[in-house]
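# Topology and contacts: notes
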2 protein chains.
Amino acid sequence: MRREALPPDDPAPAVVPPWYDGSVPADARPAVTLEHVARAAGVSRATASRALTGGGPVSTETQRQVRAAAETLGYVADPVARALVSGRGTRLLVAVVSDSPDVLCWYLARVVTAGAQVLAPEGLGVGVVPVPRQRPAGVLDALARDRTVGGIVLVNTTEQVLAELPRGLVGRTVSIGVGSATVPAVDVDGAGAARRRVEHLVRSGRRRIAMITGPSWLPCTHRPVAAFRAAVREAGLPVRVVPGGFCAADGAAGAATVLARWPDTDAIVASCDEVAFGALAALRRSGRSVPGDVAVAGFDDVPAAELTELTTTTHPVEDIATSAVRAVLDGARDELRYFPSELVVRASA
Amino acid sequence: MRREALPPDDPAPAVVPPWYDGSVPADARPAVTLEHVARAAGVSRATASRALTGGGPVSTETQRQVRAAAETLGYVADPVARALVSGRGTRLLVAVVSDSPDVLCWYLARVVTAGAQVLAPEGLGVGVVPVPRQRPAGVLDALARDRTVGGIVLVNTTEQVLAELPRGLVGRTVSIGVGSATVPAVDVDGAGAARRRVEHLVRSGRRRIAMITGPSWLPCTHRPVAAFRAAVREAGLPVRVVPGGFCAADGAAGAATVLARWPDTDAIVASCDEVAFGALAALRRSGRSVPGDVAVAGFDDVPAAELTELTTTTHPVEDIATSAVRAVLDGARDELRYFPSELVVRASA
DNA sequence: TTGAAAGCGCTAACAG
DNA sequence: CTGTTAGCGCTTTCAA
């Protein structure tokens, strides 16, 4: 048996089993396995496993020795083997709640990439899977049953998705946006972002401020709207809110509605930069000058915002995604957490 | 033994082994395994495996039966188990050659996300790993040794990385950009993009066209430069080329150099949109009007290009990434392939 | 508290 | 061409 013949001090055995001589390169084998660590520490594989994972009783002394051995040997548990036996999975999925199959937008891309960077050192990967908004249960059940998935990060979460989340996914699912009793959530402080923009506009003399909201089916957009209402009301200003979305077209339509309903509007707060760009275009078409007649403030601080001198608030997408992924890795039992959004004053407001 | 007791027609055994009663939900087990397929087809697991993977001799009739059984049972091979035994890995890594650890840019994000979408249905994931430009060998060797990595997509590939690619990675590595005898490559047709922009500029009356190049350490930027030189020379125009990069600052510096060296320049071709934006800013600072005095054409067609009315050429990043990932999955033996880049005429040129 | 042993689902050598 | 057998590296029972 190869394992018997293995010298304890040889982390990379010279004898290559024949089945590795084929298509798979010999050096694709792990340099150091649990067996090596166990031998170095003078214990069994089982004990070494317990010491390393904390999944059972081990004496403190043994644990110390095993950990030291693992450290010196540079041992990293093979996620593949671990996943096979424990069913913990080798990848984390970003589940995007969406009606359209074309789920690729800059926001999702940033979430996925941040996740990929966090997970790569752990030997894990990320995937993207669309979840139909109307009937999410089918896809969610399939994910729960899929041995390769270790956890889920929910994007564009709705109440329905939260309600229909299979029990098997609880404890390894984290939402970006709204959460529930069983699903912790992380999000940007959209309420603060709304408040800060209103405060800035009021400070600079605006008195008739309108908001173009995000898509109403998306629960995480409700908080900023509520915060906007509260902020303008506190300032003694009229509450002007029109429904919108996240696209430039929504911004153009929203701005048109605003101008039709309240022609004296002197500032527009948009749900995101894209919507602000649409509003900007509509404003110019209507003959209004920005920021002369109407000030415009966006949200996200995308690269184009700097280019077009759009006043906006930041959106730390990478921080949020990283935190969500870490939370999944850590058992998804943290509380809701909001990440700060800062005002970036440029020419448009 | 559980396997013996398993009725052939019960794809999801009712008896749950005790070790699945813990933290791992029972339904995380695969509904139907190779064993079920084999029994249904009346053959051994080994034969079923051969029939399904094509990795050995099987009679056509047996193969047909096994495939039919797999089909009706809805069998999908567990990538985890497959990876464990075959060493084929459970994830694909996007290896970004870069000096800075901050490898996150929109381009990489699009590549990673496209990859994640292609790989998710296969039960595989993606990861991102930075590769130091100066001494890539260490990281590359580690990747070759890592059992969890199934393949590599190289981004920002240099000759040195290609030369130092471990043998174990050959056959499962594809480059986006330049390739080599052992590493197939896919890329955008940057040469065509350069030529098309020059032709458009010449058609619209420009006669003194300068190019701001990409980073010179990046081999895939050389082709567009060569194409630019050839195109202006063919048109009987002076060849004006200054070194640049991919950032707005490179564009600003490049434009300043161009104006200092050839003040009568009437058009600038940029290595990418970001550089074009920088050039635009520098041009305006110098009092030149765009497109009146100087036309500017970019490359990539990022969202901001539409917003700022920048004439540019498209960059089908998702198509390229998808094709690279598929090529890795298929054994990385395809030829070099260029994806077309189309001219998008807007106000700036 | 520890070790021996079983086995996750699959592939590949080997003998028939 | 097929079945038997032996594991991949790890976790988890179970008995000591």
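Note that the structure is a prediction, hence the values are computed from the model and not measured.

Cut-offs applied
- Residues numbered from 1 in each chain as written.
- Chains lettered and ligands numbered in written order.
- Predicted model: local features only at pLDDT ≥ 70, side-chain atom pairs only at ≥ 80, totals over all residues.
- Helix = DSSP H or I, 4+ residues; strand = E, 2+ residues; numbered from the N terminus.
- Contact = placed C-beta atoms within 7 Å.
- Least-squares fit on C-alpha atoms with pLDDT ≥ 70 in both.
- Pairing = 2+ DSSP bridges.
- Axes fitted to C-alpha atoms, helices over the stretch in contact; angles between N-to-C directions.
- Core = buried A, V, L, I, M, F, W, Y, C linked by C-beta atoms within 7 Å.
- Buried ≥ 20, exposed ≤ 12 C-beta atoms within 10 Å, placed from the backbone.
- Parallel < 35°, antiparallel > 145°, perpendicular 65-115°, else oblique.
- Expected span 1.5 Å × (residues − 1).
- Arc of directions from axis to C-beta.

### Examining the overall build of chain A
- When its secondary structure is counted, chain A shows 14 helices and twelve strands.
- For chain A, the share of sequence-separated contacts (at least 6 apart) that also reach a separation of at least 24 residues comes to 69%.

### Re the relation of the copies chain B and chain A
- Structural alignment of chain B on chain A gives an RMSD of 0.3 Å, achieved by rotating through 180° and translating 0.1 Å along the axis. Both chain copies can therefore be described as sitting about a two-fold axis. Measuring from the rotation axis to each C-alpha of chain B, the shortest distance belongs to G125 of chain B, at 2.1 Å.
- Counting the interface residues of chain B, we find that 100% of their copies in chain A are interface residues as well, pointing to one common contact surface.

### A short note on the sheet that holds strand β8 (residues 267–270) of chain A
All names here are of chain A.
- One open sheet accounts for four strands, arranged β7-β6-β8-β9; its pairing is parallel. Looking along the sheet, the strands with just one partner apiece sit at the ends: β7 (240–242) and β9 (295–297). Averaged over neighbouring strand pairs, the angle between their axes works out to 20° when direction is ignored.
- With three bridges joining them, strand β6 (residues 209–212) and β7 adopt parallel strand pairing.

### Let's talk about the nonpolar core
- In terms of nonpolar packing, the biggest core is built from 184 residues, with V153, A279 and V296 of chain A together with V153, A279 and V296 of chain B touching the most fellow members.
- Apart from residues lying up to four places away in sequence, V153 of chain A is in contact with L92, V94, A95, G115, V174, I176, A324, V325 and V328 of chain A.

### Examining the sheet that holds strand β6 (residues 209–212) of chain B
All names here are of chain B.
- In space, the four strands of this open sheet follow the order β7-β6-β8-β9, with parallel pairing throughout. The open sheet has two edge strands with one neighbour each: β7 (240–242) and β9 (295–297). With direction set aside, neighbouring strand axes in the sheet form an average angle of 20°.
- Relative to β9, strand β8 (residues 267–270) runs parallel, the two being bridged by three bridges. Bridged to I268 within β9 is V296.

### Points about the interface of chain B and chain A
- Taken together, the contact between chain B and chain A spans 48 residues of the former and 48 residues of the latter.
- The set of elements that each furnish at least two residues to the side of chain B that touches chain A consists of α5 (79–86), β1 (91–98), α6 (106–119), β2 (125–132), α7 (137–145) and α13 (303–307) of chain B.
- Looking at the side of chain B that touches chain A element by element, the count peaks at nine residues for α6 of chain B.

### Here we look at unusual backbone geometry
- Following V290 of chain A, the chain continues into P291 of chain A via a peptide bond in cis, with omega recorded as 5°.
- Structurally, P291 of chain A is set in the loop between α12 (273–285) and β9.
- In the Ramachandran plot, D301 of chain B falls in the positive-phi region, its phi being about 55° despite a non-glycine side chain.
- Residue class for D301 of chain B comes out buried when judged on the 23 C-beta atoms lying within 10 Å of it.

### Quick word on the packing of helix α3 (residues 45–53) of chain B against helix α4 (residues 60–73) of chain B
Residues and elements named next belong to chain B.
- Relative to each other, α3 and α4 sit at 90°, their axes nearing to 9 Å. Here α3 is positioned roughly perpendicular relative to α4, judged by the angle of their axes. Residue-level contacts link T47, A48, A51 and L52 of α3 to T62, Q63, V66, R67 and A70 of α4.

### Considering helix α10 (residues 222–234) of chain B
Residues and elements named next belong to chain B.
- The terminal C-alpha atoms of α10, which comprises 13 residues, lie 18 Å apart, in line with the 18 Å expected from a rise of 1.5 Å per residue.
- The complete set of buried residues in α10 reads P224, V225, A227, F228, A231 and V232. Down the axis of α10, the buried set is contained in an arc of 160°. They therefore lie on one face. Exposed residues lying more than 90 degrees from the buried face of α10 are A226, R233 and E234.
- Summarising the contacts, the buried residues of α10 are in contact with α9 (190–203), β6, β7 and β8.
- Immediately beyond the C-terminal end of α10, within one or two residues, lies G236, with a positive phi of roughly 75°.

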